[in-house]
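Notes for the structure review
Residues per chain are reported as follows:
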Amino acid sequence: MALLEVKDLRTQFHTDDGAVKAVDGVNFTVEKGQTLGIVGESGCGKSVTNLTIMGLNPKRNTVSSGQALWKGEDLLTAKAGRLRDIRGNEISMIFQDPMTSLNPVLTIGKQLVEAIQIHRDVSKRVARARALDLLKAVGIPRAEQRIDDYPHQFSGGMRQRVMIAMALINDPDLLIADEPTTALDVTTQAQILSLMKRLQEDFGSAIIMVTHDLGVIAEIADDVVVMYAAKIVEHANVFDLFNRPQHPYTWGLMGSLPRLDADVERLTQIPGQPPSLLRPPTGCRFHPRCPYVMEVCKTKEPALLPTARDPNHLQACHLDEETKDREAAKLAEMAAS
Ligand code: SF4
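In what follows, the accompanying structure is described. This is a predicted model, so every value here is computed, not measured.

On to the pattern of salt bridges. By the definition in use, this model includes 20 salt bridges. A salt bridge links Glu-73 to Arg-82; its shortest N-O distance comes to 2.9 Å. When the shortest N-O distance is used, the salt bridge between Glu-114 and Lys-110 registers 3.8 Å. A residue pair is termed a helical-turn pair when its members lie 3 or 4 positions apart in one helix, as Glu-114 and Lys-110 do in helix α4 (residues 108-119) at four residues. It is possible to trace a salt-bridge network through shared partners that takes in Asp-8, Arg-10, Asp-24, Lys-231, Arg-285 and Glu-301.

Structure, rendered in structure tokens:
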């Protein structure tokens, strides 16, 4: 049984202007110890997908349907108390800005000790020892002294390490990380990603990594879901996605991926803006921005289907396979030159 199986997940937000379909028929699975990357531009539904799974969307104006089977149990129909239990003990989340998750008036140690004691019936002394071990595990130097510092005394990268320590308190089976490195400089970003990879090996947790950055995906993911306008447009293992991408949106993301050894002039941009999810385009939602658009794309929505070569590589595009392979080969050639 998969650790997490998401089936036909849909989330709508009701606004004064109408229903915003923020997630529209999303399917994926996460296996034990696996890292799934979810990539796409802002507003494509990647964060809302995870908030829906965790039951964290605002209740007042949100309607969700489908299933999110956690070890077989549907999180969408689970009682609030059961969801809180799962969130505290089995699934943890790490967000982009650690300052919004840390209490500025409490020391790091006090916050970790409190969090440990909420979930475990242990004394303060035992909880503090556990907190110290976690701070050491995430690479906080001089952890014995720094445990009594306040969040503002830590750099952005160190605060994110503290958040990772916080997320690991209960040895979660799944860690959902939403843009955890976006606010960090490139060097710190690389350190945090390698820390997450190391911790995954040590703790055995699965990870869902939500990011707009294909570079992050290349570093850490086993499988990749590419989302556009609330839908999955491509789903493949990371090697196939980078070696044989099959969707024009993925090609666009790859063309805009900076490389240290390439000319800046070779970077390309995806033209236009992501569409409004209040009234998304008809047919293929990417068609107003797609350089390969055909008449059929404007009226007929492409289904997410396996490629002829690989039943595990899914893509939603009307282009023929020959064109897709030719464009993918061009991209690979560019990346190699
Ligand atoms: Fe472009 Fe058409 Fe493919 Fe959509 S279906 S990505 S518009 S070629």
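Right, let's get into the environment of Arg-84. With respect to the helices, strands and loops of the structure, Arg-84 is situated in helix α2 (residues 80-89). Separated by 30 residues in the primary sequence, Arg-84 and Met-54 have C-alpha atoms spaced 9.0 Å apart.

You can see Glu-327 is positioned in helix α13 (residues 321-336). Overall, the relative accessible area of 11% leaves Glu-327 in the buried class. Engagement of the side chain of Glu-327 in a polar contact is seen with the side chain of Tyr-292, the distance being 2.8 Å. At 3.2 Å, the side chain of Glu-327 and the side chain of Lys-330 are in polar contact. The contact partners of Glu-327, leaving out residues within four places of it in the chain, are Trp-251 and Tyr-292.

Interhelical geometry of α4 versus helix α7 (residues 156-167) gives an angle of 20° and a closest axis separation of 10 Å. Relative to α7, the element α4 lies roughly parallel. Along this stretch, α4 crosses α7, giving a crossing that reads as right-handed. From α4, Ile-108, Gln-111, Leu-112 and Ala-115 reach across to α7, where they touch Val-162, Ala-165 and Met-166. By residue class, the composition of the contact of α4 with α7 is six nonpolar, one polar and no charged.

So, on to the sheet that holds strand β10 (residues 231-237). Strand order in the open sheet made by the eight strands is β6-β7-β8-β3-β9-β10-β12-β11, with mixed pairing throughout. One side of each edge strand has no neighbouring strand; the edge strands of this open sheet are β6 (91-94) and β11 (305-306). Here β6 pairs with strand β7 (residues 174-178) via four bridges, running parallel. Bridge pairing links Ile-91 to Leu-174 in β7.

For the rest of this paragraph, the subject is empty space enclosed by the protein. For the coordinates displayed, the defined rule picks out two cavities of 30 Å³ or more. Here the largest cavity defines a volume of roughly 100 Å³. Taken together, 14 residues line the largest cavity, and the ones lying closest to its centre are Cys-284, Cys-290, Cys-297, Cys-317 and His-318. Roughly 40 Å³ of volume is contained in the second largest cavity. The element that contributes the greatest number of residues to the lining of the second largest cavity is helix α8 (residues 186-203), accounting for four residues. Its residues placed into classes, the lining of the second largest cavity shows six nonpolar, two polar and no charged.

Here is what the cut-offs are and how they apply
- Residues numbered from 1 in each chain as written.
- Predicted model: local features only at pLDDT ≥ 70, side-chain atom pairs only at ≥ 80, totals over all residues.
- Heavy atoms only, no water.
- Salt bridge = Lys/Arg side-chain N within 4 Å of Asp/Glu carboxyl O.
- Helix = DSSP H or I, 4+ residues; strand = E, 2+ residues; numbered from the N terminus.
- Buried < 20%, exposed > 50% of the residue type's maximum accessible area, 1.4 Å probe, protein only.
- Polar contact = N/O pair within 3.5 Å; in protein donor to acceptor, adjacent residues only side chain to side chain.
- Contact = heavy atoms within 4.5 Å.
- Axes fitted to C-alpha atoms, helices over the stretch in contact; angles between N-to-C directions.
- Parallel < 35°, antiparallel > 145°, perpendicular 65-115°, else oblique.
- Left-handed = near helix turned anticlockwise from the far one by under 90°.
- Nonpolar A, V, L, I, M, F, W, Y, C, P; charged D, E, K, R; others polar.
- Pairing = 2+ DSSP bridges.
- 1 Å grid on protein atoms, 1.4 Å probe; cavity = no way out; pocket = protein on both sides within 12 Å on 5 of 7 lines; lining within 4 Å.
- Points joined across faces, edges and corners; volume = space filled by probe spheres on them.

Fair warning: the whole summary comes from geometry, so function is off the table for now.
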